[in-house]
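Structural overview
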Amino acid sequence: MNEIRVGIVGLGRLGKAHATNIAQNVPGAKLVAACSFVEDELEYAKRELGVTETYTSYEEMVDSPNLDAVCIVSPSGYHPEQIRLAMKKGLHVFSEKPIGLDIEDIEKTMEVIQAYPEQVFQLGFMRRYDESYQYAKRMVDEGALGELTVIRCYGIDPSSGMEGFVKFAQSSYSGGLFSDMSIHDIDLVRWFSQKEISRVWAMGKNAAYPELDDLNELETGAAMMQLEDKTMAILVAGRNAAHGYHVETELIGTKGMLRVASAPEKNLVTIFDENGVVRPTSQNFPERFRDAFVNEMKEFISCIKEKRRPEVGAIDGLQSTKVAIACQQSVETNQIVEVK
Ligand code: NAI
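Residues numbered from 1 in each chain as written. Predicted model: local features only at pLDDT ≥ 70, side-chain atom pairs only at ≥ 80, totals over all residues. Heavy atoms only, no water.

**A look at the state of the cysteines**
Tallied over the entire structure, the rule returns 0 disulfides. Just so you know, cysteine 327 is unpaired, no disulfide at all, and the nearest cysteine sulfur is the one on cysteine 153, 11 Å from it. A relative accessible area of 0% places cysteine 327 in the buried class. (Disulfide = S-S within 2.5 Å. Buried < 20%, exposed > 50% of the residue type's maximum accessible area, 1.4 Å probe, protein only.)

Right under this line is the structure:
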């Protein structure tokens, strides 16, 4: 099969990273088209990434006869409609998380995805393609930890990202802390346990950035969850880690426990100086998950070429968003919420 010709929508904080990967780091893929509202971003795509077609209208991009696939990295509320449109145009679709922000809209989208089984659909839960998470997953699947009892997840953005986040949240609704951030942790809980989440109790607090109240956003949130087999999960999500980008996962089982990135180390360097013994930390998601973003895109392209289905599909999007919405409701009502 020839190169898979990809069009990307969204060239913002994450879109640029995906665009660069498709253009330069994923063999067998070619970045042909790009769509954004921002003219400078389109110029960048032409100049730096060799994109030949640029659009300010997504509808026009998916009409191009030169595309095999799209990569959707637009704000979350647009995902369902853009997925549906691309599927109906006969294109393979990679969409960033979350799959959508509204359950009915997601269910409608799933129906469309299911109507085109020959076309690949993959969702951007890139942590599943991170080497350390894959190692941990193999241990769990081989029974090295015994039966899982507790899963603890931290997903906290760096304080340095707050300015960028406020702009992002002002221009389009993120879906709230749980749909925007914890969705990755919710997916990990489902992936590791292979169980669904039954009920949640969540809460939040805006301490360092009370201005987030005006945006209806949370700076820090926590959730307690019960899975269908009584396994417990504890999530902490936030946007205010002073030391960097803190993504940490702990799995506790009957025979042992493991932690992925108990300190979010940037690399293997340890510095000994007037500050003491210092381990530099990873500062943002493109840095921490650089390889995972490349790996997930390689998988998308391989699935198209080999006519395979990726592991992360629409059902993972639907289930994780249901849980995230339940968390948001729990914060608002201060009640335990059943996930239906
Ligand atoms: P951003 O706000 O930085 O960029 C949005 C981009 O979409 C811009 O290029 C803008 O011109 C374009 N755009 C907006 N509306 C559009 C429309 N209707 N048609 C065409 N283009 C449109 O957003 P960011 O942070 O890059 O996030 C994008 C998506 O990626 C979100 O859904 C977010 O949840 C997801 N994301 C996922 C991450 C992960 O860890 N997997 C990390 C960061 C973001």
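Here the narrative resumes, following the displayed structure.
**Concerning the UniProt feature "domain: GFO/IDH/MocA-like oxidoreductase" (unreviewed entry) in the chain**
Listed under "domain: GFO/IDH/MocA-like oxidoreductase" (unreviewed entry) in the UniProt record, and renumbered for this structure, are residues 133-259. Secondary structure within residues 133-259 divides into 28% helix and 39% strand; the distance between the first and last C-alpha atoms comes to 10 Å. (UniProt positions renumbered as here; feature names shortened; annotations may be inferred. Helix = DSSP H or I, 4+ residues; strand = E, 2+ residues; numbered from the N terminus.)

**Some remarks on the environment of methionine 225**
Within the secondary structure, methionine 225 is located in strand β9 (residues 220-227). Residue class for methionine 225 comes out buried when judged on its relative accessible area of 2%. Taking the C-alpha atoms as reference points, methionine 225 and serine 330, separated by 105 residues in sequence, lie 11 Å from one another. Apart from residues no more than four positions distant in its own chain, methionine 225 is found in contact with Ile186, Ile197, Arg199, Val200, Thr231, Met232, Ala233, Leu235, Val323 and Cys327. (Contact = heavy atoms within 4.5 Å.)

**Some words on the domain arrangement of the chain**
Interfaces are frequently sized by the accessible area removed from exposure as the parts join. Looking at the assigned domains, one finds that the chain contains domain 1 (4-126 + 292-312) and domain 2 (128-288 + 320-338). For domain 1 and domain 2, the distance between their C-alpha centres works out to 25 Å. Together domain 1 and domain 2 conceal approximately 2,000 Å² of surface at their shared face, both sides included; 62% is due to carbon and sulfur atoms. Interface area lost by domain 1 to domain 2 is led by Arg13, Leu101 and Phe125, which between them contribute 33%. When the shortest N-O distance is used, the salt bridge between arginine 128 and glutamate 311 registers 3.3 Å. (Domains from an automatic or database assignment. Buried area = accessible area lost by both parts, 1.4 Å probe. Salt bridge = Lys/Arg side-chain N within 4 Å of Asp/Glu carboxyl O.)

**A short note on a negative patch on the surface**
A cluster of acidic residues, Asp102, Glu104, Glu107 and Glu111, forms a negative patch at the surface. As for its placement among the helices and strands, glutamate 104 is situated in helix α5 (residues 103-115). (Patch = residues over 30% accessible without salt bridge, like charges linked within 9 Å, V, L, I, M, F, W, Y side chains within 5 Å. Areas by Shrake-Rupley, 256 points an atom, 1.4 Å probe, with all protein chains shown as cover. Lys, Arg positive; Asp, Glu negative; His and termini not counted. Charge placed at Lys NZ, Arg CZ, Asp CG, Glu CD.)

**Some details on the sheet that holds strand β11 (residues 246-253)**
The 7 strands are arranged β12-β11-β7-β10-β9-β8-β15 in an open sheet whose pairing can be described as mixed. Of all the strands in the sheet, just β12 (257-260) and β15 (337-338) have a single pairing partner and so form its edges. Summarising the sheet, strand β7 (residues 148-158) and strand β10 (residues 232-241) pair through 8 bridges and their orientation is parallel. Residue pairing in the sheet places isoleucine 156 in a bridge with glycine 238 of β10. (Pairing = 2+ DSSP bridges.)

**Concerning helix α10 (residues 290-306)**
With 17 residues, α10 extends 24 Å between its outermost C-alpha atoms, agreeing within 8% with the 24 Å of an ideal straight helix rising 1.5 Å per residue. Within α10 the residues assigned to the buried category are Ala292, Phe293, Val294, Glu296, Met297, Glu299, Phe300, Ile301, Cys303 and Ile304. Following α10 by one or two positions, lysine 307 adopts a phi angle in the positive range, close to 50°. (Expected span 1.5 Å × (residues − 1).)

**Here we look at the site of the ligand**
The environment of the ligand is formed by 29 residues, the closest being Leu11, Arg13, Ser36, Glu41 and Ser76. Between the ligand and the protein, one listed contact pairs a nitrogen atom with a side-chain N or O atom of glutamate 96 at 3.0 Å. In the model, an oxygen atom of the ligand is placed 3.0 Å from a nitrogen or oxygen of the lysine 97 side chain. In isolation the ligand exposes 860 Å². Once the protein is present, 90% of that is buried. (Near = heavy atom within 4 Å. Polar contact = N/O pair within 3.5 Å; in protein donor to acceptor, adjacent residues only side chain to side chain.)

**Let's talk about the pairing of strand β4 (residues 69-72)**
Looking down a regular strand, the side chains alternate between one sheet face and the other. Where burial is concerned, the two faces of β4 agree: the one with Ala69 and Cys71 and the one with Val70 and Ile72 are both buried. Two strands pair when backbone bridges link them, and strand β1 (residues 4-9) and β4 are joined in this way by 4 bridges, in the parallel orientation. Opposite valine 6, over in β4, you have alanine 69 as the bridge partner. Summarising the sheet, β4 and strand β5 (residues 92-95) pair through 4 bridges and their orientation is parallel. Along β5, the bridge assignment pairs cysteine 71 with phenylalanine 94. In the classification by handedness, the crossover that spans β4, the intervening helix α4 (residues 79-88) and the parallel β5 is right-handed. (Right-handed = clockwise from strand over helix to strand, strands pointing away.)

**A word on the pairing of β12**
Here β12 shows a buried face lined by Leu258 and Val260 and an unburied face lined by Met257 and Arg259. Summarising the sheet, β11 and β12 pair through 4 bridges and their orientation is antiparallel. In the sheet register, glutamate 250 faces β12, and the bridge partner there is arginine 259. The turn joining β11 and β12, which pair antiparallel and follow one another in sequence, is formed by 3 residues.

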